[in-house]
Amino acid sequence: MNRRYFLKGLASTSVVVAGSSSVLAPLSALAKGMDDGDAWLTTGSHFGAFRIKRRNGVIAEVKPLEYDKYPTDMIRGIRGLVYNPSRIRYPMVRLDFLLKGHKSNTHERGDFRFVRVTWDKALTLFKESLDIIQTQYGPSGLHAGQTGWRATGQLHSSTSHMQRAIAMHGNFVKKVGDYSTGAGQTIMPYVLGSTEVYAQGTSWPLILEHSDTIVLWSNDPYKNLQVGWNAETHESFAYLAQLKEKVKAGKIRVISIDPVETKTQAYLGCEQLYVNPQTDVALMLGIAHEMYTAKLHDAKFIEGYSLGFEEFLPYLLGDKDGIAKTPEWAEAICGVKAEVIRDLARTLTKGRTQIMMGWCIQRQQHGEQPYWMAAVLATMIGQIGLPGGGISYGHHYSGIGVPATGAAAPGAFPRNLDEGQKPLFDNNDFKGASSTIPVARWIDAILEPGKTIDANGSKVTYPDIRMMVFSGNNPWNHHQDRNRMKQAFRKLECVISIDVNWTATCRFSDIVLPACTTMERNDIDVYGAYAGRGILAMHKMVEPLFESLSDFEIFTRFAKILGKEKEYTRGLTEMEWLEKLYNECKAANQGKFAMPDFNEFWKQGYVHFGEGQNWVRHADFREDPEINPLGTPSGLIEIFSRKIAQFGYDDCPGHPVWMEKSERSHGGPGSDKFPVWLQSCHPDKRLHSQMCESKEYRETYTVQGREPVYINPEDARARGIKDGDLVRVFNDRGQLLAGAVVSGRFPKGVIRIHEGAWYGPVGKDGSVEGGAEIGALCSYGDPNTLTQDIGTSKLAQACSAYTCQVEFEKFTGKAPKVSSFDGPIEIKI
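Residues numbered from 1 in each chain as written. Predicted model: local features only at pLDDT ≥ 70, side-chain atom pairs only at ≥ 80, totals over all residues. Heavy atoms only, no water.

**Student:** With reference to specific residues and values, describe the pattern of salt bridges.
**Tutor:** Summed over the entire model, instances satisfying the criterion amount to 53 salt bridges. Lysine 337 is the salt-bridge partner of glutamate 331, the closest N and O atoms lying 3.7 Å from each other. In this structure glutamate 331 comes out as partly exposed when scored by relative accessible area, which is 25%. Look at lysine 337 and you get partly exposed, because its relative accessible area is 46%. For arginine 482, the salt bridge is made with aspartate 782, and the minimal N-O distance between the two is 2.6 Å. Taken together, the residues arginine 482 in helix 20 (residues 482–489) and aspartate 782 in the loop between strand 30 (777–778) and strand 31 (803–810) connect sequence positions 300 residues apart. Accessibility expressed as a relative area gives 0% for arginine 482, which makes it buried. Its relative accessible area of 0% is what places aspartate 782 among the buried residues. The network of salt bridges with common partners includes Glu290, Glu328, Arg342 and Arg346. (Salt bridge = Lys/Arg side-chain N within 4 Å of Asp/Glu carboxyl O. Buried < 20%, exposed > 50% of the residue type's maximum accessible area, 1.4 Å probe, protein only. Helix = DSSP H or I, 4+ residues; strand = E, 2+ residues; numbered from the N terminus.)

**Student:** Go over the nonpolar core, please, and point to the residues and values.
**Tutor:** Counting residues in hydrophobic clusters, the biggest one holds 99 residues, and the most contacted among them are Trp217, Ile287, Met357 and Tyr393. Here this core gets ten residues from one element, more than from any other, and that element is helix 17 (residues 368–381). If we ignore the near neighbours within four places in the chain, the residues touching tyrosine 393 are Met188, Leu192, Glu196, Val197, Met357, Trp359, Tyr371, Ala374 and Ala375. The next biggest cluster of nonpolar side chains, apart from the first, holds 54 residues, and it includes Val117, Phe555, Met595 and Phe598. (Core = buried A, V, L, I, M, F, W, Y, C linked by side-chain atoms within 4.5 Å. Contact = heavy atoms within 4.5 Å.)

**Student:** Let's hear about the UniProt feature "domain: Molybdopterin oxidoreductase" (unreviewed entry) in the protein chain: which residues, and what values?
**Tutor:** Mapped onto this numbering, the UniProt entry annotates "domain: Molybdopterin oxidoreductase" (unreviewed entry) at residues 87–560. From the first C-alpha to the last, residues 87–560 spans 26 Å; its make-up is 36% helix and 15% strand. (UniProt positions renumbered as here; feature names shortened; annotations may be inferred.)

**Student:** Give me the lowdown on helix 5 (residues 119–136), citing residues and values where you can.
**Tutor:** Spacing of three or four residues puts side chains on the same side of an α-helix, whose turn is 3.6 residues. The terminal C-alpha atoms of helix 5 lie 26 Å apart, and with 18 residues this matches the ideal 26 Å at 1.5 Å per residue to within 8%. Along helix 5, the positions that sit buried rather than exposed are Trp119, Ala122, Leu123, Leu125, Phe126, Ser129, Leu130, Asp131, Ile133 and Gln134. Just past helix 5, the residue glycine 138 takes up positive phi, approximately 80°. (Expected span 1.5 Å × (residues − 1).)

**Student:** Describe the UniProt feature "domain: Molybdopterin oxidoreductase N-terminal" (unreviewed entry) in the protein chain, listing the residues and the values that go with them.
**Tutor:** Under the local residue numbering, the UniProt record ascribes the feature "domain: Molybdopterin oxidoreductase N-terminal" (unreviewed entry) to residues 43–83. Each end of residues 43–83 is marked by a C-alpha atom, and these two atoms are 17 Å apart; helix forms 12% of the span and strand 44%.

**Student:** Provide a residue-level description of the packing of helix 12 (residues 280–293) against helix 16 (residues 338–348), including the pertinent values.
**Tutor:** Pairs of packed helices are described in terms of their axes, by the angle between the two and the distance that separates them. Where helix 12 meets helix 16, the closest approach of the two axes is 9 Å, and the angle between their N-to-C directions is 65°. With respect to their mutual orientation, helix 12 and helix 16 come out roughly perpendicular. Here helix 12 runs over helix 16; the crossing is right-handed. Judged by residue contacts, Leu283, Gly286, Ile287, Glu290 and Met291 of helix 12 engage Ile341, Arg342, Leu344, Ala345, Arg346 and Leu348 from helix 16. Considered class by class, the residues forming the contact of helix 12 with helix 16 number seven nonpolar, one polar and three charged. (Axes fitted to C-alpha atoms, helices over the stretch in contact; angles between N-to-C directions. Parallel < 35°, antiparallel > 145°, perpendicular 65-115°, else oblique. Left-handed = near helix turned anticlockwise from the far one by under 90°. Nonpolar A, V, L, I, M, F, W, Y, C, P; charged D, E, K, R; others polar.)

**Student:** Describe the packing of aromatic side chains, with residues and values.
**Tutor:** Inspection of every chain in the model, using the stated rule, returns 44 aromatic pairs. Between the aromatic rings of tryptophan 758 and phenylalanine 821, the centroid separation amounts to 5.3 Å while the plane-to-plane angle is 25°, which identifies the pairing as stacked. A residue pair is termed long-range when its members are at least 10 positions apart, and tryptophan 758 in the loop between strand 28 (750–752) and strand 29 (761–762) and phenylalanine 821 in the loop between strand 31 and strand 32 (825–826) qualify at 63 residues. Comparing tryptophan 758 with phenylalanine 821 shows no difference in burial state: the two are buried. Measuring from ring centre to ring centre gives 5.1 Å for tyrosine 780 and phenylalanine 821, while their planes differ by 85°; the resulting arrangement is edge-to-face. On the criterion of sequence distance, the pair formed by tyrosine 780 in the loop between strand 30 and strand 31 and phenylalanine 821 in the loop between strand 31 and strand 32 is long-range, its members being 41 residues apart. Just as tyrosine 780 is buried, phenylalanine 821 falls in that class too. Taken together, the aromatic side chains of Trp149, Tyr198, Trp229, Trp359, Tyr397 and Tyr530 make up a single cluster linked through ring pairs. A cation sits over an aromatic face here: lysine 244 above tyrosine 267, 4.7 Å from the ring centre. (Phe/Tyr/Trp six-rings, centres within 6.5 Å; stacked < 30°, edge-to-face > 60°. Lys NZ or Arg CZ within 6 Å of the ring centre and 35° of its normal.)

Right, here's the structure in full:
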């Protein structure tokens, strides 16, 4: 792809909505600083590490790093991360906010009308808005405690730069937890003594050697291991290939417990056990009842390594509530036959069993319960701490289970103020409100300031939030219930977003600042988040397009306005920071791993640390629980938690229980009106919402330009829907359009739309401006238009995004243009 082709293509594909006056920057601006020499350079991303060749100043070829033997198909979308019509080209301000500031008409927020301004103007408005909030409301009026995957790179971490710069101005509301594992990371410290979800797991070679049975419970590693927190090595796929051969030879039995036939199940050719969505705890209880009554459980392990089984038994056997949790009882709820449940109890306790839990299962109402109950099952089996046995909560994430080198990783740009530094507004008075709130409860806080809720044994009082700042973070992807979000955003006085592309979050902001991509600045990264395989140089491939800047440069300029530029940068340039971080890493690895000097490293692009060592999770605890206790209050596995019981929560008692959900089909509330389960799991072709902007790659899987909705053939026939039709999916919370993919891999009564689909609201007349309306139709297919915004329980208060109830129908009439991927309506004043 030469420069002429690129510019021609960008000019033809980047035209924004009708009526926009946006124009491309002149050629000289695009090409500023670009050389004409051919070069292969190195970089890393969530999708893997690459060698990239530029030609005439434009990215021409992309190939995986030579160590990556299983590159993801998403490599085809890499160029589209840089060259796409969604790029934010210039600093821009929402029209009415530019005219009226904090007195603007917030009902117009989301109408996508923006005015181009200079960087100086945008950053000055940014600072002035912070001044207003700190003066009128204090730190409780400002929320800058974002969460998100950010782009790879240790220096240009968007969250670190934004929060360090904001902290130089004043204090602000922060968050605790994350959307990915909010319920799991809260409950597991009470049960197994650590968050578990981000802990290294037993090494794959030991699992392949010792396991007789592997249970993938709501877990799809073949899909999810395509991406990682740092530059992903994809080494896990070599072990999955070995597992496939062992399944074929009958040496390991793999059971996928999931409502649908997953990508992993199809790849491995393993068994699939259907379970009604959200009913896994009932299935687990039925298994546990059979284990106990048939004396299949390991009583000695339970006695020596756990606490609270005696308190749990009366509930399991029905002595406490009069309902024995038998396989027959479980069948009526979860849809799995009683005889299958009994057989499963025998399978799990015969030979070595490794349970691998996924994350989606805890992103639902009472999401703490399946993780807790799964740990109870693993305890009853009695193989925790053995190679190829026990339980894990992360073997689908970032190469967990790949033998790790143990090498030290480079540090990062500091997120907090340095010792002795003070903000301009040195005010820590949150006016009786909490300075930290659960990550998924910020919309609640905006709508109900002053309300006090329970959260993990504490009381949280919502602050009166009037301003939000986001950087490299897209909550209009990962939060729930778009119309409720619109109502909340109408109460905010100012919203600022710093990002690469016109995400929905930018659409609903007041000031939007263009950041450059990872391929338009220099950085370093770990190769293999958990494997620690090496250190990557992330070479700048091309100069930043249009007026985009690196996170470092954006907030250095902002700090200069504050009069704190040297405090912010510590007097170091981008390359000086990279050399500092590299040399600190080199010193930490001294005597263990050889690292060249920085200049040599930067030239070769990579330092390899060699192969890793096998390891067994919880092996030390099993060897001696007194010398190596868990991090629980008792040091043992807590089947019953006295601490949680003391909280007195009705939706998270002292031991795992089955609880009915607020939305459940087959006789549950609302099932007559909305009889279908919609599941919104992690996508196969993106990282959450990242790469949805890559136009050419997106077109390889969309249906009539929309996100696919996967439908069972019988459900499709009943509604007159054929493969490739447009479908309207709806409930009382919202509506969306998606493209039908009819497949027998999806059961009757269950549909799936992958989360991360970009929200593209249009009004009743199909206009982009109408996207600000409550009830607007999502033109592309964002499932969080429909999901319910409730906490998992009073314990974690995490998101419940995975499953909700909907109805769907064939869409008739003229379909509106997809509004998700073009730039704003640019107004000139």
